[in-house]
Amino acid sequence: MKFNRRSFLAGAGVIGAGAFTSYYADWTAADAAAERQPLRMPPLIDARKEGNAVALRVQAGTTEFFPGRASASLGYSGSYLGPSIRVYQGDDVEIAVTNTLNEDTTVHWHGLLIPAELDGGPHRIITAGNVWRPVLPIRQPAATLFYHSHVHGRTGVQVYSGLAGLLLVTDEAERALALPSEYGVDDLPVVIQDRQFEDGLMVVPQGMMTMMQGRRGNTILSNGTPNATARVPNRLVRLRLVNGSNARIYDLSFSDNRTFHWIASEGGLLDRPISVSSLTLAPGERAEVLVDFSNGQAVSLKTAPDTNMPMMMGPLAKARNFAKEILGGQGETVLQFDPVGGHGAPSKIPERVVERPRADPSKANTRRRFVLNMGMGGMGMGGMMGGGTDSGGGMVINGRPFDMNRIDEKVRLGDTEIWEVSGEMMFHPFHIHGVQFEVLSRNGGKPILRDAGTRDTVVIREPVELLVHFNQPAEIAPFMYHCHILEHEDNGMMGQFRTI
Ligand code: C2O
Ligand code: CU
Ligand code: CU
């Protein structure tokens, strides 16, 4: 089959030429502006060097994502994103957060296993001009975690504008492995985000369709850099890939299809490295990988087209992706790598990473079921368009929109439970605060590759069974569970539980 642009556009008329051409224009605009920029590196704060007392300022400012074009943005102690904070297992770290915005915010430590009153969820508001000083007990294995705004109803906007940063937990077991660990040199954080740019300026998309599918964008940023290039040594390099997007799922692979080695999921190091040639990462998910650059060749990290749309928008997404493929792209470039120093010595991948105790499914004493609904069930378009429930667009869990004053579940502290979670209409990244879990099954069968390791976020649509161990108290404040498509969360696809 052969297509040319005209016959393709004629076909696109069927699904609405207006919407299609604007997608098309977005894509070509972003592509044409492809002037390479060096990958920005968030500053590193080593908590121990600061006596385990770190300060963050939540601030508004401007960022030149494209040279000479200053976009309004938000950041932590900077204009966009925040510093990477390295913390050590066993330490107690004070992080003093000063809110200099003129609106409320919160800072949630995503993936940190701490009591709920320290967790920074929607209940722990820092009002304008105020300071919050939690002392965080670091009692978990090495892992790549992140912190971000979680103020209810505004999480999507605040994160999209820049309120996210990384928390890197390290421990002795990890250091003993001698993995690449020189921050910014052979140990690179890569926060992947799609953002909408118009005329070189970042805009925050609005509107009901945007709320349904979650805020996306025409430009992929790595650490806030469009068209980013990283100079890397010609050896084994660790990438800490973090999906900091509001809604987009990435399917990542290298332009030469090289194999790379997945060594850590959200909960930390895997038992052993898993060799892969592609990896999916949904909002909230993190993965550490080792990539061998010893052949000295430039290569880029790419993503397959974005296809996770609610059912009714599926045709539009397909048309757009189809257009990209025909008109020259095979997915989009996330980040280019330029190895320095030519051909180097091939590197060795460790065979084992760590030994971790496994939760025992026979210990599970309770089973709970959660369905992430999009308000279309039985109601058709009318239900969605008219806001079939009292939440925006009918984003609910088990039929109920989030209510700050309602505790949805009560769990006994120390218990292990099975949570069975499924979702409607599209893929949803399901996240639980204050726990790590393992995936026991997917769609009635074995878990798939992407489910590996201990996690705090997992992609669902078909039912998954999660084995969850609850060892953090939530008496004073509750913990959240929610869809990590931030617009779904803001519009009600969230619940809360106590552990007592
Ligand atoms: Cu990363 Cu409740 O969120
Ligand atoms: Cu979280
Ligand atoms: Cu969702």
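Up top is the structure these notes are about.
Worth saying up front: this structure is predicted, and the values here are computed from it rather than measured. (Residues numbered from 1 in each chain as written. Chains lettered and ligands numbered in written order. Predicted model: local features only at pLDDT ≥ 70, side-chain atom pairs only at ≥ 80, totals over all residues. Heavy atoms only, no water.)

Engineer: Can you break down the overall build of the chain residue by residue, with the values?
Structural biologist: Tallying secondary structure elements over the chain gives eight helices and 34 strands in all. Burial analysis of the chain (500 residues in total) assigns 59% to the buried set. Sequence separation of at least 24 residues holds for 79% of the intrachain contacts in the chain that already meet a minimum separation of 6. For the chain, the accessible surface area stands at approximately 19,100 Å², while carbon and sulfur atoms represent 51% of it. (Helix = DSSP H or I, 4+ residues; strand = E, 2+ residues; numbered from the N terminus. Buried < 20%, exposed > 50% of the residue type's maximum accessible area, 1.4 Å probe, protein only. Contact = heavy atoms within 4.5 Å. Areas by Shrake-Rupley, 256 points an atom, 1.4 Å probe, with all protein chains shown as cover.)

Engineer: If you had to explain the coordination of the copper ion (ligand 2) to someone new, which residues and values would you point to?
Structural biologist: For the copper ion (ligand 2), the full set of protein donor atoms is His108 (NE2) and His431 (NE2), at a range of 1.9 Å. Here His108, found in strand 7 (residues 108–110), pairs with His431, found in strand 29 (residues 428–432); they are 323 residues apart in sequence, far enough to count as distant. (Donors = N, O, S within 2.8 Å, 3.2 Å for Na, K, Ca; no water.)

Engineer: Outline the coordination of the copper ion (ligand 3), supporting the account with residue identities and numerical values.
Structural biologist: Protein ligation of the copper ion (ligand 3) involves His428 (ND1), Cys483 (SG) and His488 (ND1), the donor distances falling in the range 2.0 to 2.2 Å. Each donor residue of the copper ion (ligand 3) lies on one chain, and together they are spaced H-x54-C-x4-H. Of this pair, His428 sits in strand 29 while His488 sits in helix 8 (residues 486–490); the two residues are 60 residues apart in sequence, bridging distant segments of the chain. An identical accessibility class is assigned to His428 and His488; each is buried.

Engineer: Please give an account of the packing of aromatic side chains that cites residues and values.
Structural biologist: Enumeration over the complete set of coordinates arrives at 19 aromatic pairs. Seen in terms of ring centroids, Phe65 and Tyr80 are 4.9 Å apart; in terms of plane orientation they differ by 85°. Their pairing is edge-to-face. Placement of Phe65 in strand 3 (residues 53–66) and of Tyr80 in the loop between strand 4 (69–76) and strand 5 (84–88) is noted, with a sequence separation of 15 residues between them. Among the residues examined, Phe65 registers a relative accessible area of 0% and is labelled buried. Ring geometry for Trp109 versus Trp132: centroids 6.2 Å apart, planes at 25°, classification stacked. Of this pair, Trp109 sits in strand 7 while Trp132 sits in strand 8 (residues 131–132), and the two are 23 residues apart along the sequence. Pair check on accessibility: Trp109 and Trp132 agree, each one buried. Three or more aromatic residues joined by ring pairs make a cluster, and in this case those are Phe370, Trp419, Phe430, Phe470, Phe479, Tyr481 and Phe497. Looking at Arg258, its charged tip hangs above the ring of Phe254, at a distance of 5.9 Å from the centre. (Phe/Tyr/Trp six-rings, centres within 6.5 Å; stacked < 30°, edge-to-face > 60°. Lys NZ or Arg CZ within 6 Å of the ring centre and 35° of its normal.)

Engineer: Pulling in residues and values, what's your account of unusual backbone geometry?
Structural biologist: For Asn52, which is not a glycine, the phi torsion comes out positive at approximately 55°. Its place among the elements puts Asn52 in the loop between strand 2 (44–46) and strand 3. For Asn398, which is not glycine, the phi torsion reads 50° and is therefore positive. Relative to the helices and strands, Asn398 is located in the loop between strand 26 (396–397) and strand 27 (409–411). Residue class for Asn398 comes out partly exposed when judged on its relative accessible area of 38%.

Engineer: Describe the environment of Ser255, naming the residues involved and giving the relevant values.
Structural biologist: Along the chain, Ser255 turns up in the loop between strand 18 (250–254) and strand 19 (260–265). The sequence separation of Ser255 and Gly331 amounts to 76 residues, and the corresponding C-alpha distance is 9.8 Å. Not counting the four nearest positions on each side in its chain, Ser255 is found in contact with Val299, Ser300 and Lys302.

Engineer: Let's hear about the sheet that holds strand 31 (residues 457–460): which residues, and what values?
Structural biologist: On the basis of which strands lie adjacent, the open sheet formed by five strands has the order 27-34-33-29-31 and mixed pairing. Both outer strands of the open sheet, strand 27 and strand 31, are each paired with one neighbouring strand and no more. The sheet shows a mean angle of 25° between the axes of neighbouring strands, direction not considered. (Pairing = 2+ DSSP bridges. Axes fitted to C-alpha atoms, helices over the stretch in contact; angles between N-to-C directions.)

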